[in-house]
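A closer look at the structure
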Amino acid sequence: MGSHPPEAETMETVTPRHWLAQLAKREQRQLMRAAFWGVLSGGHTALLVVGLAWLIDQIVIAGRSPTSLVPVFIGLVAVVVLRSLFQMLQETCSAQASLRIRQYARQVLLDKIAALGPVWLTRQQSGALATQAVEHIEALDGYFARFYPQLRIVVVLPLLILCVVGWLDYLVAIFLLLSAPLIPLFMALVGMGAERLNRDQFMAVSRLSAHFVDRVRGMTTLQLFGHTQAAQQDVWYATDHYRRLSMRTLRLAFLSSAVLEFFASVAIAVVAMYVGFGLLGYIDYGPSPALTLFSGLAVLLLAPEFFQPLRTLSQHYHDRAAALGAAESVVAILNEPNRVAVPPLPPESADVLIELDDVTIRYAERATVLSGVNVSVSAGEVVVVTGESGSGKSSLLALMAGFMAPSRGECRLDASAPVAWLDQTPCMLQGSLADNLRIAAPGAGDVALVSALQRAGLSELLARLPQGLETTVGERGVGLSGGQAQRLALARVYLSQARLVLLDEPTASLDAATEEAVIQSLLEWANEGRALIMATHHPAVMAVANRRFECRSGRLVEVAV
């Protein structure tokens, strides 16, 4: 399955900013199209306010009647309609791009989790992973739907408005040009604090999700030991911590918006004072003597439109901070080295289903589990692996199943031999018995399902159930005993077409009679040409094996049967 350890893999470390940039490149055209429509919408706004200033000048100063200006009114209505259309196109393009980016990002995250494998998942909290796959990915929406297009709009639209203002009055244009950098400066200063707060907030909600799920799952144990009240207090404290972080983030957002609005308002007020004193004749410098009602009113109306793209960007700047905070937790998973084995190599012998050549199994945070493992298993063999708890039996099966890569050596698997796996804690889904069985064979009919249950020793249970195969099974096997859940998982193995079957304590939690029936069913599988590799402590299972290995002092030793 691979000759290189995960630690030796050369993989580029991705930063949150780099990852967001990579995602944006996938929808670059659509996002630029959204920015283009946004510039057109803003341009039509500027055209609208200039037209209104001209209309007022014509009515008040030139004394023209409103009826003579009907075509201009109609033109301005058309401008309003076009502006609304362009704004709708901008929002549609950005929303579509954001949706596709989030779908892709979620798929990448789920693929990475699959590549990390079940061994890595056992050390993670399902609540935290669910939050990262749902809420953290959804937090990218504001960045791509609003901030990213606005970042392009703010480069073009203010310059366009500045040119119009400069044509009307260059002093106002110079003042706007000097005051404009204040808003991006304060955006950057506020953004550094907002990014840290958002990162802490996303970490808190991940911990809260995991904390709550763990307490719910362990409610029975907590009740037995009388710690339900303490568990409720723990959840309350975690929730209150998240509330405090959320309020701090909101306070910063409101405060930064107020500061930015203040500077924009001061700049607009200064323009209004200049226009007023210029029209009254108190200012006679530069273009001031040439100010008219039209030019003065136009630059006064254009001043807010000049700052509007910057103000909008500042409002969406928190979307950027939220996206960076969410991306950091996702990137932490993406930067993990893959632990699932690479695509298998065909074994040298056609009869061999799996072959281990000088394999070493080692975890990053632990010492070497097994080393120097050399094993080959052919079709029809029944192999038993024994040893003390923690000696490496389950790790060896996980390696053979492809859940992890060897730290050294090669694991060669027949590519045409599907693998079936049954561990000590089989996964049960919320649904019917049939739903859980069809995980292994989606197209299996009821007759095949009943046959698999009979071979697994569940025929009596099936006969007692009024709803038969449609009987509901709770999540994690709620409603079934430990032995019944184990046999239901074994029935799934029977339904599969696997030629190589890996079983970790297949007869655990079974009584002697049921254990005998299960063993006989397993032997029938071996007679059909399938290979069975079982980790077990049970003498009855050891007795039917034709090969036996023992995990002893970090080595795998074959013992005579």
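Look above for the structure.
Residues numbered from 1 in each chain as written. Predicted model: local features only at pLDDT ≥ 70, side-chain atom pairs only at ≥ 80, totals over all residues. Heavy atoms only, no water.

A look at the environment of Glu261
Mapped onto the fold, Glu261 is located in helix α9 (residues 228-280). C-alpha of Glu261 to C-alpha of Ser314: the two residues are 53 residues apart in sequence and 9.5 Å apart in space. Setting aside its immediate chain neighbours within four residues, Glu261 contacts Arg311 and Gln315. (Helix = DSSP H or I, 4+ residues; strand = E, 2+ residues; numbered from the N terminus. Contact = heavy atoms within 4.5 Å.)

Some thoughts on the environment of Cys411
Of note, Cys411 is situated in strand β4 (residues 408-413). With relative accessibility at 0%, the residue Cys411 sits in the buried group. Along the sequence, Cys411 and Val359 sit 52 residues apart, while their C-alpha atoms lie 7.2 Å from each other. (Buried < 20%, exposed > 50% of the residue type's maximum accessible area, 1.4 Å probe, protein only.)

Quick look at the sheet that holds strand β10 (residues 547-552)
Read across the open sheet, the 6 strands follow the order β5-β8-β9-β3-β10-β11; overall the sheet is mixed. In this open sheet, the two strands that pair with only one neighbour each are β5 (419-422) and β11 (555-559). Each adjacent strand pair in this sheet contributes to an overall mean axis angle of 20°, direction not counted. Across 5 bridges, strand β8 (residues 500-504) lies against strand β9 (residues 531-535) in parallel orientation. Paired with Val501 across the strands is Leu532, a residue of β9. Across the sheet, helix α11 (residues 393-401) touches β3 (382-387), β5, β8, β9, β10 and β11, and the angle it forms with β8 is around 155°. Its contacts with the sheet place helix α16 (residues 512-527) against β3, β8 and β9, and it is angled at close to 140° to β9. (Pairing = 2+ DSSP bridges. Axes fitted to C-alpha atoms, helices over the stretch in contact; angles between N-to-C directions.)

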